[in-house]
Amino acid sequence: MKAVRFDDAERYEPEPGWRRVALAGSDRFSFEWFEKPAGHSSPMHHHENEQVCVCLQGQLRVHTEDDTIELGPYDSVLLEANEPHRVENPGDTPAIGLDVFAPGRSFDFWTSRAEDGADE
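As a starting point, this report considers the structure included with it. Since this is a predicted model, take the numbers as computed values, not measurements. Sequence positions are assigned chain by chain, starting from 1 and proceeding in written order. Confidence filtering applies because this is a predicted model: local features only for residues at pLDDT of at least 70, side-chain atom pairs given and counted only at 80 or more, and all residues used for totals across whole chains, interfaces and linings. The side-chain quantities take in all heavy atoms of the structure and omit both hydrogens and water.

**Comments concerning the pattern of salt bridges**
A carboxyl oxygen of Asp or Glu within 4 Å of a side-chain nitrogen of Lys or Arg is what we treat as a salt bridge. Using the criterion set out here, one finds 7 salt bridges in the structure. Close ionic contact of E35 with R19 constitutes a salt bridge, the shortest N to O distance being 2.8 Å. Residue E35 is located in strand 3 (residues 30-36), and its partner R19 is located in strand 2 (residues 18-22); the two are separated by 16 residues in the primary sequence. The buried category is assigned to E35, whose relative accessible area is 18%. For the salt bridge of E88 with R86, the shortest nitrogen-to-oxygen distance reads 3.8 Å. Remark: exposure states derive from per-residue accessible area (1.4 Å probe, protein chains only) relative to the maximum for the residue type, with buried under 20%, exposed over 50%, and partly exposed in between. For R86, a relative accessible area of 25% corresponds to the partly exposed category. Through salt bridges with shared partners, one network takes in R20, E32, D99 and R105. Only runs of H or I of at least four residues qualify as helices and only runs of E of at least two qualify as strands under DSSP, and these elements are numbered from the N terminus.

Structure (structure tokens):
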């Protein structure tokens, strides 16, 4: 068993107010708690991992190349591997969510993009 205490977990803050916290996981799946400030959107991106995004608080709007879906508390969406997408908070208060990735991933996905000069 491996416990991860929220206050001690690895964190990544790509932009002020947009923060991610790595919860317990493995190379087979990983969980990331996140907070998005009002009006914030991640860039359009894709990755090899399947992703389930769960809205825990506030609102999230998930865009793919073909569709847009609104999520409220406890709503979720599945994003297929390599499906281009972006997630925004259209509300005027912070949104809280949980991402589940399979296979698991680390924050290297974002940090390597920043080092390479890719949009975040």
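Now that the structure is up, let's keep going.
**A word on the packing of aromatic side chains**
Ring pairs shown here join Phe, Tyr and Trp side chains whose ring centres sit within 6.5 Å, with only the six-membered ring taken for Trp; geometry is labelled stacked below 30 degrees between planes, edge-to-face above 60, and tilted in between. If you walk through the whole model with that rule in mind, you get 2 aromatic pairs. Their ring planes at 80 degrees and their centres at 5.1 Å tell us that F6 and W33 sit as a pair that is edge-to-face. Residue F6 is found in the segment before strand 1 (11-15), and its partner W33 is found in strand 3; the two are separated by 27 residues along the sequence. Aromatic pair F29 and F31: ring centres 5.7 Å apart, planes at 85 degrees, arrangement edge-to-face. Lysine NZ or arginine CZ positioned within 6 Å of the ring centre and within 35 degrees of the ring normal marks a charge as sitting over the ring. When the ring centre of F6 is taken as origin, the NZ or CZ atom of R11, which lies over that ring, is 5.0 Å away.

**Section: the sheet that holds strand 4 (residues 50-57)**
A pair of strands counts as paired when DSSP detects no fewer than two bridges linking them. Spatial strand order, 1-2-3-9-4-7: 6 strands in an open sheet with antiparallel pairing. The open sheet is flanked by strand 1 and strand 7 (76-79), the only strands paired with a single partner. In this sheet, neighbouring strand axes are inclined to one another by 20 degrees on average, regardless of whether the strands run parallel or antiparallel. Looking at chain direction, strand 4 and strand 9 (residues 95-102) are connected through 7 bridges and run antiparallel. Across the sheet, the residue bridging to C55 is G97, located in strand 9. Note on definitions: angles span 0 to 180 degrees between N-to-C directions of axes, and those axes are lines fitted to C-alpha atoms, for helices only across the stretch in contact.

**Some thoughts on the nonpolar core**
With 10 residues, the main nonpolar core is built from F34, C53, C55, L60, V62, L71, V77, L79, V87 and A95. Taken together, the elements giving at least two residues each to this core come down to strand 4, strand 5 (60-64) and strand 7. The contacts of C55, once residues within four sequence positions are left out, are L60, L71, G72, P73, Y74, D75, I96 and G97. In plain words, nonpolar cores are sets of buried Ala, Val, Leu, Ile, Met, Phe, Trp, Tyr and Cys residues tied together by side-chain atoms within 4.5 Å. Residues count as neighbours in contact if any of their non-hydrogen atoms are within 4.5 Å of one another.

**Quick look at unusual backbone geometry**
For the bond running from A102 to P103, omega is -5 degrees, close enough to zero to count as cis. Tracing the sequence through the fold places P103 in the loop between strand 9 and helix 1 (108-115). The residue Y74 is not glycine, and still its phi comes out positive at about 75 degrees. Backbone geometry places N82, a non-glycine residue, at a positive phi of 65 degrees. Here N82 shows up in the loop between strand 7 and strand 8 (85-88).

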